[in-house]
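In case you want the letters, here they are:
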Amino acid sequence: MAEPILEVSGLVKHYPLMRGILFKKQIGAVKAVDGVDFTLGKGETLGIVGESGCGKSTVARMLCNLERPTAGSIRFKGEDITRLSGRALKAVRRNIQMVFQDPYTSLNPRMTVGDIIGEPYEIHPEVAPKGDRRRRVRELLDVVGLNPEYINRYPHQFSGGQRQRIGIARGLALRPEVIVADEPVSALDVSVQAQVINLLDRLQSEFDLSYVFIAHDLSIVRHISDRVGVMYLGRIVEIGSDAEIYEHPTHPYTQALLSAVPVPDPEAREHRERIILTGDVPSPTAIPSGCRFRTRCWKAQERCVQEVPALAVPAEFRQAGGPAAHDSACHFAETLPIGRSAPGLPPAPEESPKPARNGNGPG
Ligand SMILES: Nc1ncnc2c1ncn2[C@@H]1O[C@H](COP(=O)(O)OP(=O)(O)OP(=O)(O)O)[C@@H](O)[C@H]1O
Ligand code: SF4
Ligand SMILES: [Mg+2]
């Protein structure tokens, strides 16, 4: 991996659950993020996928310092930004910018596009002197493929895809080194999604950016990511290069997610098996003991109830190396043919007997 630009370690965000009107008492916590570790290399794109509510946006907000973690560290170029305050924090914040999901609600409808894109300069006047801001905003509009003459228009005069371009231009205004994009294309039509992804791709090389790209659509994440982390209930359960995750997943949750991705090739479709997960995602206020996925895992055993699996290269793959030797938080990690028939790949020969997938794990 390239030299790290962000190093996230033991990141936790617990929201206290309170009861009572006059005398408030904490009765528990929403464990939105519960121990996340990853590294983002310079110039790299790390995709983060996972079902709704698994904590993706909470991670994004902490990376951009919009929210303080309960515990853990976020190192930007070696410096723990969770410990900074005042001027030092402000200076680092400039370097990590966010692009939001919904271009319909994230832009102030009463501000012109020029004011929206130029607003970050009010907080960081050192980046652009007042007299130069309009020129810079026009330049940014041009960079994201919008007509600089639109500078005085309002958000409602643009389409969804154009609005997301405005959001991206705003994210670029301070010349950040890292962009955290939280579901940047999820609210857009499929035809527009590709255009915005291509734009992000182009900007990455043009501005030497590193991306954390969050989405729940596995195909989109694969398209843009160098590495992918799969989140479940506040933690990353598997992480590796896109080929490792999509073609050689070893965690049952990743295997289930991938088995649900539509495959255009009919032959590949025929050869693969859909894993249907039973049961609901547990509440983040009551995370299961041991492996947090065990209540929905068809392979769960007693050890999974007792012992939290570490996110590490499983012992059975460590010696042999190869693409299955990547971090996976499972006591019984194994490859399944299912992963080989991920989008756009040829069907895989049968390798191991198919597991029974009709029961829930213990407890
Ligand atoms: N301010 C808050 N107070 C209490 N709970 C919160 C707060 N913010 C988020 N949560 C809870 O934390 C969990 C994770 O939320 P988060 O928005 O990070 O998930 P997500 O993975 O981004 O989901 P989605 O795919 O729907 O955007 C959810 O259960 C959510 O209800
Ligand atoms: S540790 Fe156990 S419950 Fe968790 S994913 Fe692996 S087999 Fe399933
Ligand atoms: Mg979210």
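Parameters and conventions
- Residues numbered from 1 in each chain as written.
- Chains lettered and ligands numbered in written order.
- Predicted model: local features only at pLDDT ≥ 70, side-chain atom pairs only at ≥ 80, totals over all residues.
- Near = placed C-beta within 6 Å.
- Helix = DSSP H or I, 4+ residues; strand = E, 2+ residues; numbered from the N terminus.
- Nonpolar A, V, L, I, M, F, W, Y, C, P; charged D, E, K, R; others polar.
- Domains from an automatic or database assignment.
- Contact = placed C-beta atoms within 7 Å.
- UniProt positions renumbered as here; feature names shortened; annotations may be inferred.
- Pairing = 2+ DSSP bridges.
- Axes fitted to C-alpha atoms, helices over the stretch in contact; angles between N-to-C directions.
- Buried ≥ 20, exposed ≤ 12 C-beta atoms within 10 Å, placed from the backbone.

## Re the site of ligand 1
No. 1: Surveying the vicinity of ligand 1 reveals 13 residues, the closest of which are Ala32, Ser52, Lys56, Ser57 and Thr58.
No. 2: Mapped by element, the contributors of at least two residues to the shell around ligand 1 are strand E2 (25–41) and helix H1 (56–63).
No. 3: Take the shell around ligand 1: its biggest share by element is three residues, from H1.
No. 4: Of the residues assigned to the shell around ligand 1, the class counts are five nonpolar, seven polar and one charged.

## Considerations on the domain arrangement of the protein
No. 1: By domain assignment, the protein separates into domain 1 (4–230) and domain 2 (248–341).
No. 2: Residue-level contacts link 13 residues of domain 1 with eleven residues of domain 2.
No. 3: At seven residues, E2 tops the list of elements feeding residues into the side of domain 1 that touches domain 2.
No. 4: When its residues are assigned to classes, the side of domain 1 that touches domain 2 shows six nonpolar, three polar and four charged.

## Concerning the site of ligand 2
No. 1: Inspection of the region around ligand 2 gives 14 residues, with Cys291, Arg294, Cys297, Cys304 and Cys330 positioned closest.
No. 2: Tallied by class, the residues present in the shell around ligand 2 amount to nine nonpolar, three polar and two charged.

## Examining the UniProt feature "domain: ABC transporter" (unreviewed entry) in the protein
No. 1: In this structure's numbering, the residues bearing the UniProt feature "domain: ABC transporter" (unreviewed entry) are residues 6–258.
No. 2: Helix makes up 35% of residues 6–258 and strand 28%, whereas the separation of the span's terminal C-alpha atoms amounts to 27 Å.

## As for the pairing of strand E4 (residues 71–76)
No. 1: In terms of strand pairing, strand E1 (residues 4–19) meets E4 through five bridges, oriented antiparallel. Looking at the pairing, Val8 lines up with Ile74 of E4.
No. 2: In the sheet, E4 pairs with strand E5 (residues 79–80) via two bridges, with the strands oriented antiparallel. Looking across to E5, one finds that Phe76 is bridged to Glu79.
No. 3: Following E4, the chain reverses through two residues before pairing antiparallel with E5; Lys77 in that reversal takes a positive phi of roughly 50 degrees.

## Structural notes on the sheet that holds strand E9 (residues 227–232)
No. 1: The sheet built from seven strands is open, its strands ordered E6-E7-E8-E3-E9-E10-E11 with mixed pairing. Each edge of the open sheet is held by one strand with a lone partner, namely strand E6 (96–99) and strand E11 (327–328).
No. 2: As paired elements, strand E3 (residues 45–49) and strand E8 (residues 210–215) share five bridges and run parallel to each other. If you follow Gly47 over to E8, its bridge partner there is Phe213.
No. 3: Sheet strands touched by H1: E3, E6, strand E7 (178–182), E8 and E9. Its angle to E7, the strand with the most contacts, is close to 155 degrees.

## Considerations on unusual backbone geometry
No. 1: At Lys77, a residue that is not glycine, the phi angle is positive and equals roughly 50 degrees.
No. 2: C-beta crowding within 10 Å serves as the criterion here: with 15 such atoms nearby, Lys77 is assigned to the partly exposed category.
No. 3: Positive phi, normally seen in glycine, also occurs at Leu233, with a value near 50 degrees.
No. 4: Mapped onto the elements of the fold, Leu233 is located in the loop between E9 and strand E10 (235–241).

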